[in-house]
Amino acid sequence: MPNIVVLVKQVPDTYSERRLTDADHTLDRASADAVLDEINERAVEEALLIKEAQGGEVTVLSVGPERATEAIRKALSMGADKAVHVTDPALHGACLLQTTRVLAAAIGKVDGVDLVIAGNEATDGRGGAVPAMLAEVLGFPQLTHARKVTVEGSEITVTRETDTGLTHLRATLPAVVSVGEKINEPRYPSFKGIMAAKKKPVDTFTVADLGIDAGEVGLDAASTTVVEATPKPPRSAGQRVEDAGDGGTKIAEYLIGQKII
Ligand SMILES: Cc1cc2nc3c(=O)[nH]c(=O)nc-3n(C[C@H](O)[C@H](O)[C@H](O)COP(=O)(O)OP(=O)(O)OC[C@H]3O[C@@H](n4cnc5c(N)ncnc54)[C@H](O)[C@@H]3O)c2cc1C
């Protein structure tokens, strides 16, 4: 019966405008609608499928502002058993290294972790690095970009889909797995699930609670700093081709002009 921890992140909604603040080039989370990262919904779903097949317990873990509680409750309403929320103003502007250290310390607060499931890439920071960095810090094997996950006793097998085909990986638990967007279709929380989530335990920690010095995290101590951020130029209207029987020629000339053909 695997004891599973799922790493979940609250991110700005894909449809709302995402921008970096002028003050310190960190993501302006306040001005955007926030959602549970879609890839993390699939990570939660995969954990629940393993639990339904093998038993065990599912804990969701998030490092994020107070507001991330909404995303945590969403994961609990899908069926996760409990949650850990690391929230601390000192974490503002945390880099990948710091986030990884904090996640590792928080996982240390969960008894007997057999499996950590994460998304392969967050839709806001897009680092695609936390699962690998976490496996390194925890000393766990890591199986990435999973398209299929199978747990049998203390063995885990993952199928990874790449451009050139399928790769099958095997490791012994405890392990870290990152899942891709095609792994499953996340369930919608039922009304019963939403109501039950309100009563499910959420342990909240500051970085000090995890034995981490607040001065070692956050923007001032970050290993990387965004020095400049220029918004993407607005898309140009494009060239309009009037087809007076010569539309094909005009398009071919345009593509040649653009060195596309
Ligand atoms: C626009 C932008 C650019 C950035 N560039 C850099 C950079 O170049 N270098 C750098 O060090 N930092 C960078 N950061 C900061 C970095 O995004 C944060 O440290 C972030 O918490 C972790 O990176 P990620 O979201 O890219 O993670 P990824 O590695 O893409 O996340 C993969 C998975 O890890 C888990 N995970 C990630 N973060 C959390 C969390 N906070 N809580 C729970 N689970 C989590 C989730 O399951 C997620 O699906 C950037 C942030 C932004 C907004």
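Residues numbered from 1 in each chain as written. Predicted model: local features only at pLDDT ≥ 70, side-chain atom pairs only at ≥ 80, totals over all residues. Heavy atoms only, no water.

**Details of the overall build of the protein chain**
Right, on to step 1. Along the protein chain, the regular secondary structure elements total six helices and 11 strands.
Right, on to step 2. Burial analysis of the protein chain (261 residues in total) assigns 39% to the buried set.
Right, on to step 3. For the protein chain, the share of sequence-separated contacts (at least 6 apart) that also reach a separation of at least 24 residues comes to 70%.
Right, on to step 4. When the 28 basic and 38 acidic side-chain charges of the protein chain are each reduced to a single mean position, those positions are 4 Å apart. (Helix = DSSP H or I, 4+ residues; strand = E, 2+ residues; numbered from the N terminus. Buried < 20%, exposed > 50% of the residue type's maximum accessible area, 1.4 Å probe, protein only. Contact = heavy atoms within 4.5 Å. Lys, Arg positive; Asp, Glu negative; His and termini not counted. Charge placed at Lys NZ, Arg CZ, Asp CG, Glu CD.)

**Brief notes about the site of the ligand**
Right, on to step 1. Taken together, 27 residues sit near the ligand, with Lys9, Gly127, Gly128, Ala129 and Val130 positioned nearest.
Right, on to step 2. A distance of 2.9 Å separates an oxygen atom of the ligand from a polar atom in the backbone of Leu7.
Right, on to step 3. Between an oxygen atom of the ligand and a side-chain N or O atom of Asn40, the distance comes to 3.0 Å.
Right, on to step 4. Burial of the ligand by the surrounding chains reaches 83%, relative to a free accessible area of 920 Å².
Right, on to step 5. At the level of secondary structure, the elements contributing two or more residues to the shell around the ligand comprise helix H1 (38-54), strand S4 (57-63), helix H3 (96-107), strand S6 (115-119) and helix H4 (130-138). (Near = heavy atom within 4 Å. Polar contact = N/O pair within 3.5 Å; in protein donor to acceptor, adjacent residues only side chain to side chain. Areas by Shrake-Rupley, 256 points an atom, 1.4 Å probe, with all protein chains shown as cover.)

**Let's talk about the pairing of strand S1 (residues 3-7)**
For a regular strand, side-chain orientation follows a simple rule: the groups alternate between the two sheet faces.
Right, on to step 1. For S1, a buried count of five out of five residues is recorded, marking the element as mostly surrounded by other parts of the structure.
Right, on to step 2. Residues Asn3, Val5 and Leu7 line one face of S1 and the alternating positions Ile4 and Val6 line the opposite face, and both faces are buried.
Right, on to step 3. Where S1 and S6 come together, three bridges link them in parallel fashion. In the sheet register, Ile4 faces S6, and the bridge partner there is Leu115. (Pairing = 2+ DSSP bridges.)

**Details of the sheet that holds S1**
Right, on to step 1. Read across the sheet, nine strands follow the order S9-S8-S7-S10-S6-S1-S4-S5-S11 without closing on themselves; strand pairing throughout is mixed. The outermost strands of the open sheet, each flanked by one partner alone, are strand S9 (165-172) and strand S11 (202-205). Taking the axes of each pair of neighbouring strands and ignoring which way they run, one obtains an average angle of 30 degrees across the sheet.
Right, on to step 2. Strand contacts of H1: S1, S4, S6, strand S7 (142-152) and strand S10 (175-179), with the helix running at about 150 degrees to S6, the strand carrying the most contacts.
Right, on to step 3. Along the sheet, helix H2 (residues 69-78) makes contact with S4, strand S5 (82-86) and S11, crossing S5 at roughly 165 degrees. (Axes fitted to C-alpha atoms, helices over the stretch in contact; angles between N-to-C directions.)

**So, the pattern of salt bridges**
Right, on to step 1. The final tally for this structure, using the stated rule, is 15 salt bridges.
Right, on to step 2. Between Arg19 and Asp28 there is a salt bridge, with its nearest N and O atoms 3.1 Å apart.
Right, on to step 3. According to the relative accessible area criterion, Arg19 is partly exposed, its value standing at 33%.
Right, on to step 4. The residue Glu121 makes a salt bridge to Arg126 at a minimum N-O spacing of 2.9 Å.
Right, on to step 5. One salt-bridge network, in which partners are shared between bridges, spans Lys9, Arg29 and Asp124. (Salt bridge = Lys/Arg side-chain N within 4 Å of Asp/Glu carboxyl O.)

**So, the pairing of S5**
Right, on to step 1. Along S5, four of the five residues are buried, which leaves the element largely enclosed by surrounding structure.
Right, on to step 2. As judged from the five bridges shared by S4 and S5, these two strands associate in the parallel manner. Bridge pairing in S5 places Val60 opposite Ala83.
Right, on to step 3. Between the parallel pair S4 and S5, the chain is carried across by H2, and the sense of this crossover is right-handed. (Right-handed = clockwise from strand over helix to strand, strands pointing away.)

**Re the packing of H3 against H4**
Right, on to step 1. For the pair H3 and H4, interaxial distance at closest approach is 9 Å and the crossing angle is 55 degrees. It follows that H3 is oblique to H4 by the angle criterion. Here H3 runs over H4; the crossing is right-handed. Residues Leu96, Leu97, Thr100, Leu103, Ala104 and Ile107 of H3 form the contact with H4, whose own contacting residues are Val130, Met133, Leu134, Val137 and Leu138.
Right, on to step 2. Here the residues of the contact of H3 with H4 sort into 10 nonpolar, one polar and no charged. (Parallel < 35°, antiparallel > 145°, perpendicular 65-115°, else oblique. Left-handed = near helix turned anticlockwise from the far one by under 90°. Nonpolar A, V, L, I, M, F, W, Y, C, P; charged D, E, K, R; others polar.)

**Here's the deal with the packing of H1 against H2**
Right, on to step 1. Here H1 crosses H2 at 30 degrees, and the two axes come no closer than 10 Å. The angle between H1 and H2 falls in the class roughly parallel. Where H1 crosses over H2, the two elements pack in a sense that is right-handed. Counting all contacts with H1, which are made through Glu41, Val44, Glu45 and Leu48, the residues of H2 involved are Lys74, Ala75 and Met78.
Right, on to step 2. Class assignment for the residues of the contact of H1 with H2 results in four nonpolar, no polar and three charged.

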